[in-house]
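Architecture and fold: a report
Single-letter residue listing:
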Amino acid sequence: MSDPAKTRRHAERVKELVASLVREIKDPRLGMVTITDARITGDLREATVYYTVLGDPTEQAGTQAALESAKGMLRTRVGHALGLRHSPSLAFVQDNVMDHAKEMEDLLAEAKLRDEEVQRLSAGKQYAGDPDPYKSEEEDDEDAERVGAREDLG
């Protein structure tokens, strides 16, 4: 097992290398690819590369096929650049960043609607308890006088 910091450095390096090498692939199926992340196992034998693709599902499938066909060339070049004894095997996973972003926007919009509904329902309402549930300065003065009176008796 290698050092986690070393593993992170290698993963970052794999990400940078694959991002630069993807531009050299001459496959017409390859679309607008962005390498978003790379993770590598602790033994530095397997790397997972995450990517996004602009386009419809057929373009995304074409890009997946192009990356799979170029996997051997990418693995060789990444292995030489990293200087490891064994080149890590590469696995490409499509990262659906746009879907996650849309989901987050929908959740935030729903939260905003709920907050507006709560504010609408609470307009003109009063708290169940006292308007000021905390002790006032007058009560503190009265408490201090009582304590002072007890000390005089004691």
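Scope of this entry: the structure provided in the associated data block. (Residues numbered from 1 in each chain as written. Predicted model: local features only at pLDDT ≥ 70, side-chain atom pairs only at ≥ 80, totals over all residues. Heavy atoms only, no water.)

1. Regarding the pattern of salt bridges
By the definition in use, this model includes eight salt bridges. With its nearest N and O atoms 2.9 Å apart, the salt bridge here joins Glu68 to Lys71. With relative accessibility at 24%, the residue Lys71 sits in the partly exposed group. Residue Glu110 is joined to Arg114 by a salt bridge in which the shortest nitrogen-to-oxygen separation is 2.8 Å. (Salt bridge = Lys/Arg side-chain N within 4 Å of Asp/Glu carboxyl O. Buried < 20%, exposed > 50% of the residue type's maximum accessible area, 1.4 Å probe, protein only.)

2. Here's the deal with the packing of helix H1 (residues 4–22) against helix H3 (residues 71–82)
At a minimum axis distance of 10 Å, the contact between H1 and H3 shows a crossing angle of 130°. In terms of orientation, H1 and H3 fall into the oblique class. Note on packing geometry: the crossing formed by H1 with H3 is right-handed. Counting all contacts with H1, which are made through His10, Arg13, Val14, Leu17, Val18 and Leu21, the residues of H3 involved are Leu74, Arg77, Val78, Ala81 and Leu82. (Axes fitted to C-alpha atoms, helices over the stretch in contact; angles between N-to-C directions. Helix = DSSP H or I, 4+ residues; strand = E, 2+ residues; numbered from the N terminus. Parallel < 35°, antiparallel > 145°, perpendicular 65-115°, else oblique. Left-handed = near helix turned anticlockwise from the far one by under 90°. Contact = heavy atoms within 4.5 Å.)

Any functional reading would require information that these geometric values do not contain.
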